[in-house]
Amino acid sequence: RLVVLARKFRERRIKAGALTLASPEVKFVLDSESLNPTDVQAYTLYEANALVEEFMLLANVTVSKKILRHYPTLSVLRRHPAPNRSMFDGLIQKAKTKGISLCIDDSKKLADSLD
């Protein structure tokens, strides 16, 4: 049942414009004597990882809202300002050379254009 809830939470976040920029995690295989890397492998992500991530995000948002509601003048919550549109110019031009069109009107449109 928790997996079903986690999937719904993720779907709702993505529909609201959450960016999914996660790159694959890697792990290094080390030589037992020298401890030098001998191989690099992709870290396997399981559905349990996504479940934990979704519930951690839910907990963070829930606690933040409660703090803000009960201590509005004392709460210190991180809120990212909207990026300056000119900061995207280089990225948009590079993407265009690769045939990729980025829309930066809002986070939802950016997320959709990255998919």
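Reference entry: report on the structure contained in this document. (Residues numbered from 1 in each chain as written. Predicted model: local features only at pLDDT ≥ 70, side-chain atom pairs only at ≥ 80, totals over all residues. Heavy atoms only, no water.)

## Some thoughts on the overall build of the chain
Point 1. From N to C terminus, the chain includes four helices and two strands.
Point 2. A globule of 115 residues ought to have a C-alpha radius of gyration of about 13 Å, yet the chain, at 20 Å, is considerably larger.
Point 3. Taken along the three principal axes of its C-alpha coordinates, the chain extends 55 × 40 × 30 Å.
Point 4. Partitioning the contacts of the chain with sequence separation of at least 6, the portion at a separation of at least 24 is 40%.
Point 5. Counting every atom, the chain has about 10100 Å² of accessible surface; 59% of that belongs to carbon and sulfur. (Helix = DSSP H or I, 4+ residues; strand = E, 2+ residues; numbered from the N terminus. Rg over C-alpha atoms; globule rule 2.2 N^0.38 Å. Contact = heavy atoms within 4.5 Å. Areas by Shrake-Rupley, 256 points an atom, 1.4 Å probe, with all protein chains shown as cover.)

## Focus on the nonpolar core
Point 1. In terms of nonpolar packing, the biggest core is built from six residues, these being Phe88, Ile92, Ala95, Leu102, Ile104 and Leu110.
Point 2. Not counting residues up to four positions away in its chain, the partners in contact with Ile92 are Leu102 and Ile104. (Core = buried A, V, L, I, M, F, W, Y, C linked by side-chain atoms within 4.5 Å. Buried < 20%, exposed > 50% of the residue type's maximum accessible area, 1.4 Å probe, protein only.)

## Quick word on the environment of Asp106
Point 1. You can see Asp106 is positioned in the loop between α3 (89-97) and α4 (107-114).
Point 2. Separated by 67 residues in sequence, Asp106 and Asp39 have C-alpha atoms that sit 40 Å apart.
Point 3. For Asp106, the side chain forms a polar contact with the main-chain nitrogen of Lys108, separated by 3.1 Å. (Polar contact = N/O pair within 3.5 Å; in protein donor to acceptor, adjacent residues only side chain to side chain.)

## Description of the packing of aromatic side chains
Point 1. Tallied over the entire structure, the rule returns one aromatic pair.
Point 2. Ring geometry for Phe9 against Phe55: centres 5.6 Å apart, planes inclined by 80 degrees, an arrangement best described as edge-to-face. Placement of Phe9 in helix α1 (residues 2-15) and of Phe55 in helix α2 (residues 47-70) is noted, with a sequence separation of 46 residues between them.
Point 3. The exposure class assigned to Phe55 is partly exposed, which follows from its relative accessible area of 25%. (Phe/Tyr/Trp six-rings, centres within 6.5 Å; stacked < 30°, edge-to-face > 60°.)

## Some remarks on the pattern of salt bridges
Point 1. In total, this model carries six salt bridges according to the counting rule given.
Point 2. Residue Glu47 is joined to Arg7 by a salt bridge in which the shortest nitrogen-to-oxygen separation is 2.7 Å. Taken together, the residues span a long stretch of sequence, with Glu47 in helix α2 and Arg7 in helix α1 at a distance of 40 residues.
Point 3. By relative accessible area, which is 47% here, Arg7 ends up partly exposed.
Point 4. Connected through salt bridges with shared partners, the residues Arg85, Asp105 and Lys109 form a single ionic network. (Salt bridge = Lys/Arg side-chain N within 4 Å of Asp/Glu carboxyl O.)

## Digging into a nonpolar patch on the surface
Point 1. On the surface, a cluster of nonpolar side chains totalling about 560 Å² of accessible area is made up of Val63, Ile67, Leu68, Tyr71, Leu74 and Leu77.
Point 2. Relative to the helices and strands, Ile67 resides in helix α2.
Point 3. Of the residues examined, Ile67 reaches a relative accessible area of 34% and is grouped as partly exposed. (Patch = residues over 30% accessible without salt bridge, like charges linked within 9 Å, V, L, I, M, F, W, Y side chains within 5 Å.)

## Describing the environment of His70
Point 1. Here His70 lies in helix α2.
Point 2. Residue class for His70 comes out partly exposed when judged on its relative accessible area of 46%.
Point 3. Separated by 69 residues in sequence, His70 and Arg1 place their C-alpha atoms 31 Å apart.

## Comments concerning the environment of Val52
Point 1. By the secondary structure assignment, Val52 is in helix α2.
Point 2. Between the C-alpha atom of Val52 and that of Asp39, which follows or precedes it by 13 residues, the distance is 28 Å.

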